[in-house]
Amino acid sequence: MRNGTANEAANPADRPRTVLISGASVAGPALAYWLARYGYRPTVIEVAPALRGGGFAVDFRGEVHTSVLERMGLLDEIGRRATGGGSPMSFIDAEGRQLTALPPEFAGGELEILRSDLSRILFDHSLRAPADETGSATRATSASTTYLFGDTITSLTESDDGVHVTFERAPARTFDLVVGADGLHSTVRRLAFGPERDFVSHLGYYVAGWDLPADATDLGARPVGYSEPGRLVTVGRTPRRAHDPGYTGETFCVFASDQELSYDRRDPNAQKKAIAEAYTGCGWRTPELIDTLWAADDLYFDSISRVDVPHWSTGRIVLLGDAAYGATVGGMGTGSALVGAYVLAGELALAAGDHRTAFARYEQQLRPYVTPCQEGGRGTGEFLAPATQEAIDARNAALNDPATVRAMLDQGTTLSTGISLPDYAALAAP
């Protein structure tokens, strides 16, 4: 295959060469990197006008996650850009007195990095040419990979020879394969598999996060979390961002909602109103914190939900990452996305482009691994924002018990290492 990393198929015309990947967060660029190594020509399309920013952190746990980063040649670079691990956070009462502490490794795993930093690293690694402006969308191209920002897929029509794709802005094209790596609210999944309601289950909680404004006084000076039944607010500062202009900290909130909220996901004001209503009457300094929400221009807001798709592929179209097996938070989604990208590209290389065989092997390998990881998402809301004061007290007591904390951490490591990864580059080599 191209770039000297894997063997060229005996008859290249017999296997797919072009792949459209929807989503440029984590799974999409990682898959583009591996596919380019194996001789494919990936195109990554992203609805956002540029790589997404935001200062929230993601983490990696265990040797499976780190081995994929190492095989990508990224382990050292990510280590240099790491946050230094999660910050210890105190759970406090309404007067600010500490009740218990969340150890840094609980939130930060073994290796923690800002999502925006990880996204940029993956993008740069998959693309070795500068971006340039093309019309109303931004196009970045290397010898084998193209990124198209500010656009989205509007239809997918499969034939014997490929998938005909129409876009909101770009001219229509036909690709050999299409990959939906576009998250919980996947456009590819909706177009090719069916409506979101058939695959996404609301787990009873919502999560929100935003940066504090530059004049936020001392709100973020101390990393703390305050809980009331069904509601959590946390605030603090990430050391990695200490020198960012105007940075004073960020907040992260989780609140319970038995019913799915009705709001426009593309309307930040509607989202802010929903968050503010959820925290009406909340104690401690929560009103001050919510006041900072109105000026936020980097709001993240979504339900804690779980994605279950009976089959991850249909014909020439396949799902990856949160689009296939997401759990919003607590489900090791970032590590699972990188592992999934590695396995999907590797199986395509081993199958010499036979997508039917590759997609089946990809799901067979990965589903037993990611399904237990997803279960973490189910418990995240209940842990962070317990429904009753008794449950809050029980959580705090558990966090004050070192043996219980160690057992929780060990369980996370066990889940993250529950797969044996083939060395695809070696297997596909001459």
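Here, every reference points to the structure presented above.
Just so it is clear, the structure is predicted and the values come from calculations on it, not from any experiment.

Novice: Account for the overall build of the protein chain, naming residues and giving values.
Specialist: Counting its secondary structure elements, the protein chain contains 14 helices and 20 strands. Counting the 430 residues in the protein chain, one finds 55% classified as buried. Long-range pairs, those at least 24 residues apart, make up 70% of the contacts in the protein chain with a sequence separation of at least 6. Of the accessible surface of the protein chain, which amounts to about 18200 Å², a share of 49% is contributed by carbon and sulfur atoms.

Novice: Talk me through the sheet that holds strand β12 (residues 173-175); I want residue IDs and the actual numbers.
Specialist: Pairing in this open sheet of three strands is antiparallel, and the strands run β10-β11-β12 from one edge to the other. Single-partner strands in this sheet number two, and they are β10 (153-158) and β12. For this sheet the average axis-to-axis angle between neighbouring strands, irrespective of direction, equals 30°. Inspection of the sheet shows strand β11 (residues 163-167) paired to β12 by three bridges, in the antiparallel sense. Across the sheet, residue V165 finds its bridge partner in β12, namely R173.

Novice: Mind laying out the nonpolar core, listing which residues take part and the relevant values?
Specialist: Ranked by size, the top nonpolar core spans 85 residues in total, and within it I21, L31, V165, L320, Y362 and L366 carry the most contacts. The greatest single-element share of this core, amounting to 10 residues, is contributed by helix α10 (residues 333-350). Apart from residues lying up to four places away in sequence, Y362 is in contact with W312, V318, L319, L320, Y325, G340, V343, L344 and E347. Formed by 25 residues, the second largest nonpolar core is a distinct cluster that contains Y206, A274, I290 and L293.

Novice: Can you break down the side chain of E228 residue by residue, with the values?
Specialist: In this fold, E228 is placed in strand β15 (residues 224-228). The class for E228 is buried, based on a relative accessible area of 16%. A polar contact is formed between the side chain of E228 and the backbone nitrogen of G283, at a distance of 2.8 Å. With near-sequence residues (within four places) excluded, E228 lies in contact with C282, G283, P386 and I392.

Novice: Tell me about the pattern of salt bridges, and name the residues and values.
Specialist: Tallied over the entire structure, the rule returns 13 salt bridges. Residue D124 pairs with R120 through a salt bridge whose shortest N-O separation is 3.5 Å. Placement of both D124 and R120 in helix α5 (residues 115-126) is noted, with a separation of four residues, approximately one turn of the helix. For D124, a relative accessible area of 41% puts it in the partly exposed group. Overlapping salt bridges, with partners in common, bring together D93, E95 and R97 in one network.

Novice: Describe in detail unusual backbone geometry, supporting the description with residues and values.
Specialist: Positioned with a positive phi, W284 is a non-glycine residue whose angle comes to about 55°. Tracing the chain through its elements places W284 in the loop between α7 (268-278) and α8 (286-291). Positioned with a positive phi, A352 is a non-glycine residue whose angle comes to about 50°. Of note, A352 is situated in the loop between α10 and α11 (355-384).

Novice: Go over the sheet that holds β15 with me, naming the residues and quoting the values.
Specialist: Read across the open sheet, the seven strands follow the order β5-β4-β15-β16-β17-β14-β18; overall the sheet is mixed. The open sheet has two edge strands, β5 (98-102) and β18 (300-307), and neither has a second partner. When the angles between neighbouring strand axes are averaged without regard to direction, this sheet yields 20°. Pairing geometry for strand β14 (residues 200-211) and β18, over eight bridges, is antiparallel. Its bridge partner being in β18, H202 is matched across the sheet by S305.

Thresholds applied
Residues numbered from 1 in each chain as written. Predicted model: local features only at pLDDT ≥ 70, side-chain atom pairs only at ≥ 80, totals over all residues. Heavy atoms only, no water. Helix = DSSP H or I, 4+ residues; strand = E, 2+ residues; numbered from the N terminus. Buried < 20%, exposed > 50% of the residue type's maximum accessible area, 1.4 Å probe, protein only. Contact = heavy atoms within 4.5 Å. Areas by Shrake-Rupley, 256 points an atom, 1.4 Å probe, with all protein chains shown as cover. Pairing = 2+ DSSP bridges. Axes fitted to C-alpha atoms, helices over the stretch in contact; angles between N-to-C directions. Core = buried A, V, L, I, M, F, W, Y, C linked by side-chain atoms within 4.5 Å. Polar contact = N/O pair within 3.5 Å; in protein donor to acceptor, adjacent residues only side chain to side chain. Salt bridge = Lys/Arg side-chain N within 4 Å of Asp/Glu carboxyl O.

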